[in-house]
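Geometric and topological summary
As a plain string of letters, each chain reads:
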Amino acid sequence: MLTSKKNVKTPDETRKFAKGKIEVVKVGDFTFGLGTFEPGWKWSKSVKPIVKTDSCQAHHVGYTVSGRMAGIMDDGTTWEIGPGDVVDIPPGHDAWTVGRKPVVLLDFMGAADYA
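First things first, this report covers the structure right here in the doc.

The rules behind these values
Counting restarts for each chain: residues are numbered from 1 in the order of the written sequence. Restriction of local features to residues with pLDDT of at least 70 applies here, the model being predicted, together with a cutoff of 80 or more for giving and counting side-chain atom pairs; totals for whole chains, interfaces and linings are based on all residues. Hydrogens and water molecules were not included; the side-chain quantities draw on all heavy atoms of the structure. Whether two strands pair comes down to DSSP finding at least two bridges between them. Secondary structure elements are defined from DSSP: runs of H or I of at least 4 residues count as helices, runs of E of at least 2 residues count as strands, and each element is numbered from the N terminus. As used here, the term nonpolar core means buried Ala, Val, Leu, Ile, Met, Phe, Trp, Tyr and Cys residues forming a set that is joined through side-chain atoms within 4.5 Å. The classification of residues rests on relative accessible area computed with a 1.4 Å probe and restricted to protein chains. Under 20% of the type maximum is buried, over 50% is exposed, and intermediate values are partly exposed. Note on definitions: a residue-residue contact is assigned when non-hydrogen atoms from the two residues lie within 4.5 Å. Every axis corresponds to a line fitted to the C-alpha atoms, with the helix fit spanning only the stretch in contact, and the corresponding angles, defined between N-to-C directions, vary from 0 to 180 degrees. When the centres of two rings from Phe, Tyr and Trp lie within 6.5 Å, Trp using its six-membered ring, the rings pair. Their planes under 30 degrees apart give stacked, over 60 give edge-to-face, and anything left gives tilted. Lysine and arginine charges are scored as sitting over a ring when NZ or CZ, respectively, is within 6 Å of the ring centre and within 35 degrees of the ring normal.

1. Comments concerning the pairing of strand β1 (residues 13–17)
Bridge count for β1 against strand β2 (residues 20–27) is five bridges, and the pairing is antiparallel. Looking at the pairing, Lys-16 lines up with Lys-21 of β2. Linking two consecutive strands that pair antiparallel, namely β1 and β2, is a turn of two residues; a positive phi of about 60° is found at Lys-19 within it.

Quick look at the structure:
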């Protein structure tokens, strides 16, 4: 039984930051995020000044729709994701867009507190 429905084209909130945005949709107790990260976006330059933490403390579980993103964990572990990748990125990371295509990421876990 469907109890709640919303469309991401009319988000509850749009959080904009340098070279990107996350559109947030709340359905019941669940918060979903549609993130768009333009070429040249980097968390430590675009979001860090807003949240004032040394690294991203959001835990992202998501699906990469398009584009490529790379990152580094606080422990030095590096990663890269691309179209079709389902990801689990724990708190404590920096990330950036790779190449000239925007990254579109569906975030099923980290959107509630992001940016």
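2. Here we look at the nonpolar core
One broad trend across soluble globular proteins is that nonpolar side chains are buried collectively. Core analysis: the largest hydrophobic core is formed by 20 residues, its most contacted members being Phe-17, Phe-37, Trp-41, Met-69, Trp-79 and Tyr-114. Breaking this core down by element, the ones donating at least two residues are β2, β5 (68–73), β6 (78–81), β7 (86–89) and β9 (103–107). Filtering out sequence-adjacent residues up to four positions away, Tyr-114 remains in contact with Arg-15, Phe-17, Ile-22, Phe-37, Trp-41, Trp-43, Val-47, Cys-56, Ala-58 and His-60.

3. Focus: the sheet that holds strand β8 (residues 93–98)
Spatially, the three strands line up as an open sheet ordered β6-β5-β8, and their pairing is antiparallel. A single partner strand is all that each edge strand has here, and the edge strands are β6 and β8. Adjacent strand axes in the sheet meet at a mean angle of 20° when their direction is disregarded. Inspection of the sheet shows β5 paired to β6 by four bridges, in the antiparallel sense. When the bridges of β6 are listed, Ile-72 appears paired with Thr-78.

4. Looking at the packing of aromatic side chains
To describe a pair of aromatic rings, you give the distance between the ring centres and the angle between the ring planes. This structure, assessed with the given rule, holds four aromatic pairs. One aromatic cluster in this structure is built from Phe-17, Phe-37, Trp-41 and Tyr-114. For the cation-ring pair, Lys-42 lies above Trp-96, with the distance from its terminal atom to the ring centre recorded as 5.2 Å.

5. Comments concerning the side chain of Thr-64
Examined against the element boundaries, Thr-64 turns out to sit in strand β4 (residues 60–66). A relative accessible area of 0% means that Thr-64 is categorised as buried. Ignoring sequence-local partners within four residues, the contact set of Thr-64 consists of Ile-81, Gly-82, Pro-83, Gly-84, Asp-85, Val-87, Val-104 and Leu-105.

6. Some remarks on the pairing of strand β3 (residues 30–37)
Of all eight residues in β3, seven are buried, a share of seventy percent or more. Of the strand pairs in this sheet, β2 and β3 are connected by eight bridges, and their pairing is antiparallel. Residue Val-24 lies in a different strand from β3, and its bridge partner there is Gly-33. The turn linking β2 back onto β3 is made up of two residues, and Gly-28 within it adopts a positive phi angle of 60°.

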